[in-house]
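Coordinate analysis (summary)
This is what each chain is made of:
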2 protein chains.
Amino acid sequence: MVFNYPDGRSYLNPTVSKNTHSVAKKQPSQTAAEKKTVAKNSFGNRGMRLEEAINESNRYYLDRRLAVVHKKPTPIQIVNVDYPKRSAAVIKEAYFKEASTTDYNGVYKGFYLDFEAKETKNKASFPFKNFHDHQIRHMEACLDQRGICFVLLWFSSLERCFFLDSRTLIHYWQQQKNSGKKSLPLAVIEKEGIEIPRKIAPRIPYLDAVDRYLKSKEGLFDGQ
Amino acid sequence: MVFNYPDGRSYLNPTVSKNTHSVAKKQPSQTAAEKKTVAKNSFGNRGMRLEEAINESNRYYLDRRLAVVHKKPTPIQIVNVDYPKRSAAVIKEAYFKEASTTDYNGVYKGFYLDFEAKETKNKASFPFKNFHDHQIRHMEACLDQRGICFVLLWFSSLERCFFLDSRTLIHYWQQQKNSGKKSLPLAVIEKEGIEIPRKIAPRIPYLDAVDRYLKSKEGLFDGQ
């Protein structure tokens, strides 16, 4: 049996792998690695907390058999591996690779879900630079296949989280290429997106927004 | 423009990342790492070739906008990272983690696809030991959400590839727990699965089998 905290977090610390005991002892340096990844993506430390909140929400949904959504592992290019006798292989040289897709995908009531979570400290708009060309292309390809694609936009200074479907995001993203506008105004997100009020469990109840989105598009996703 | 070989393989070597030039120069040691991963999974060297064939098929489908399916990156526990000035971060210590899901997922005509590819040198049956508890649990959870879940079974000695839906696999997997039978007879796979004749492009045309499977289950996946 798995015990959970009241907010749905699993009692077992998910960052400590059961299979790699030696790693568990070295959490501080792992945290350094994580920080770097975060810094690289320019989300700052809060970015990691956003990821954690989404991972916990995914676990909440999984445990209750409501959806199966996972974060994809960070792609890494392995160069050199050591194979000490009687212990696990140690990767001695490897590099971070750029992901070619979004971070999260899975299945919910027969629907393919695909999303990315992004964060800004801005208070009035969401910078487009958070989205990369390859992510936009991936979303377009998934939409083509009738997947449910969206982004979760977290305004950390406002503590507000929005669901915005990818079709709308791409519409403004393309406009931006012509107009040179560097960000999506909060007013537009408020109008076109769906605000996700934070809860205790799951911390980011994004499936509520997915339900509302599907309802607003009723008929469009039938006959799959 | 992307050029492809006649069999659908991309002209650009996908194992050479454009962003990590130093890595590209060191292919031999990377291959050693890959070999180890393969050995660990006890697929032998051919396992890697099966993975390559599926990755190329996925690329073929993606390029032609027929489906969006990707292999998930190998999950890795990072322990120590170096940040040399003016160059990319180098992971100095990391370990392979066990995946909690199957290897491949994506979207096809509105359907969520989720599968695992396995290989045997056996000629008369497929060993159950190729499937792990957590993979079976993941498939059950995806089936619950009306995903299309299956395995691709490759008999390397026979050069025959089969699509077997996860519901059927799980049925026999559970029987095995009681009966102690250690493998699934080829005769059963021939009867219950769908053989995938290999082609030049895509090398493993698994979507043909998915289409046949969906047709055989018509009505079951409506109303999504």
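All values derive from a computational prediction rather than experimental measurement.

With that settled, consider the overall build of chain A. The helix and strand inventory of chain A stands at seven helices and 10 strands. A total of 224 residues make up chain A; the buried ones form 50% of that total. If you take every contact in chain A between residues at least 6 apart in sequence, the share linking residues at least 24 apart comes to 62%. Here chain A displays about 11,400 Å² of accessible surface, and carbon together with sulfur accounts for 50% of that area.

As a further point, take the sheet that holds strand β3 (residues 90-96) of chain A. Spatial ordering of the open sheet is given by β2(A)-β3(A)-β3(B)-β2(B), a layout of four strands whose pairing is antiparallel. Each edge of the open sheet is held by one strand with a lone partner, namely β2 (76-82) of chain A together with β2 (76-82) of chain B. For this sheet, the mean inter-axis angle between neighbouring strands, taken without regard to orientation, is 35 degrees. Relative to strand β3 (residues 90-96) of chain B, β3 of chain A runs antiparallel, the two sharing three bridges.

Take the nonpolar core next. If you look at the biggest cluster of nonpolar residues, it comprises 49 residues, and the most contacted ones within it are Phe 131 and Leu 153 of chain A together with Phe 131 and Leu 153 of chain B. Every residue in contact with Leu 153 of chain A, bar those within four places of it in the chain, is listed here: Lys 118, Phe 126, Phe 131, Arg 160, Cys 161, Phe 162, Leu 164 and Ile 189 of chain A.

So, about the sheet that holds strand β7 (residues 148-155) of chain B. Paired through backbone hydrogen bonds, the strands of a sheet run either parallel or antiparallel to each other. Residues and elements named next belong to chain B. One open sheet holds the six strands; their spatial order is β1-β4-β5-β7-β8-β10, and the pairing between them is mixed. Only two strands of the sheet have a single neighbouring strand rather than two, namely β1 (68-71) and β10 (194-195). Pairing between β7 and strand β8 (residues 160-165): six bridges, direction antiparallel. Each bridged residue has a counterpart across the sheet, and for Val 151 the counterpart in β8 is Leu 164.

Going from Ala 201 of chain A to Pro 202 of chain A, the amide bond is cis rather than trans, its omega being -10 degrees. A positive phi is found at Glu 159 of chain A, a non-glycine position, where the angle reads about 55 degrees. With respect to the secondary-structure elements, Glu 159 of chain A resides in the loop between β7 (148-155) and β8 (160-165). Its identity is not glycine, yet Lys 109 of chain B carries a phi of approximately 50 degrees, on the positive side. Turning to its location among the elements, Lys 109 of chain B is positioned in the loop between β4 (104-108) and β5 (111-120).

About the cut-offs
Residues numbered from 1 in each chain as written. Chains lettered and ligands numbered in written order. Predicted model: local features only at pLDDT ≥ 70, side-chain atom pairs only at ≥ 80, totals over all residues. Heavy atoms only, no water. Helix = DSSP H or I, 4+ residues; strand = E, 2+ residues; numbered from the N terminus. Buried < 20%, exposed > 50% of the residue type's maximum accessible area, 1.4 Å probe, protein only. Contact = heavy atoms within 4.5 Å. Areas by Shrake-Rupley, 256 points an atom, 1.4 Å probe, with all protein chains shown as cover. Pairing = 2+ DSSP bridges. Axes fitted to C-alpha atoms, helices over the stretch in contact; angles between N-to-C directions. Core = buried A, V, L, I, M, F, W, Y, C linked by side-chain atoms within 4.5 Å.

Note that every value here comes from positions in space, so none of it alone points to a role or purpose.
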